[in-house]
Amino acid sequence: MPSPADGDPHFVVHLPRLGENICFTIDGEPNDVLRLVDDPVRGIIVDGHLMWAPSKVGFEDHSRTYFDQLIFSMEMEGAGPWVVTVSLTSIVLEGEDRVMLPVDKPGSVKRRDVKIQVDDQLRAWVMLRRDLQFLVLFHHYQHPTYLQLSHLGIYIASGQGLSPRTKGLLGQFQHAEIDIVRSKDATGSSEANGQEKATTGELRWRGEKIPVLLQTKSLKDTVQKRHPGNCWLVIKAQVERLVNGTYRDYVVGHN
């Protein structure tokens, strides 16, 4: 199952070993570039550029950001790095030659093992290897509110091709030996307060024991339409423990 990310930015990450999802939000800064995937063995890097978005009323001191550009880089034998740049208007592959695909109609391009396809639902599939594929969503609004800006979402649709040494905000979870232990409900008796019982748990990784809450989210991660799926929410106060670092640690060019 894929691992998606969009808005704020908000991340939903699939844990292949467990068959579970975790979700968390990071407060981004406009114009920062986040390192999402970094595989030094395969020579694969995925970065996401953040754009500014309006703050919510009453939270003017709280920044909001979205992805407006995604950059996929892969070392190719005897050819140096090939780069795929996905924006809100086009997809550009720079490798043996330079090819551009529009994103407002179906189309595809293939060079060696790299294949890019815009499907009938105007979603982009970026295949860097036969066992490594990303799904990019183009979020547009017919009648947007002031908070809704066009932006990109990214899913790791198939991550088997990433090595165990992979890092990055999304990449580090592909081979992670994470355990999630369920605990009792957090809301109390459903008869007493009219609420359904909430499932809580504890995420265990790298010696950390992080509290999590099971939620249902709407996912758009397959060839099917939007569908509900579960994820374990890590609250903002616990995110640095989850990713073993601060936001700035994942900003390209910060270190």
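For the structure, see preceding data.
Overview of the structure. Computed from a predicted structure; not experimentally measured.

As a further point, take the packing of aromatic side chains. Summed over all chains, the structure comprises five aromatic pairs. Between Phe-11 and Phe-24, the ring centres sit 5.3 Å apart and the planes meet at 25 degrees, which makes this aromatic pair stacked. Separated by 13 residues along the polypeptide, Phe-11 in strand E2 (residues 10-15) and Phe-24 in strand E3 (residues 20-25) bring together distant segments of the chain. Across this residue pair, the class does not change: Phe-11 and Phe-24 are buried. Geometrically, the ring pair formed by Phe-11 and Phe-67 is edge-to-face, given 6.3 Å between the ring centres and 70 degrees between the ring planes. On the criterion of sequence distance, the pair formed by Phe-11 in strand E2 and Phe-67 in strand E6 (residues 64-76) is long-range, its members being 56 residues apart. Phe-67 matches Phe-11 in its accessibility class, with the two residues each being buried. Taken together through their ring pairs, the aromatic side chains of Phe-11, Phe-24, Phe-67, Phe-173 and Trp-205 make up a single cluster. The lysine or arginine in question, Arg-206, covers the ring of Trp-205, its NZ or CZ lying 3.7 Å from the ring centre.

How each quantity is defined
- Residues numbered from 1 in each chain as written.
- Predicted model: local features only at pLDDT ≥ 70, side-chain atom pairs only at ≥ 80, totals over all residues.
- Heavy atoms only, no water.
- Phe/Tyr/Trp six-rings, centres within 6.5 Å; stacked < 30°, edge-to-face > 60°.
- Helix = DSSP H or I, 4+ residues; strand = E, 2+ residues; numbered from the N terminus.
- Buried < 20%, exposed > 50% of the residue type's maximum accessible area, 1.4 Å probe, protein only.
- Lys NZ or Arg CZ within 6 Å of the ring centre and 35° of its normal.

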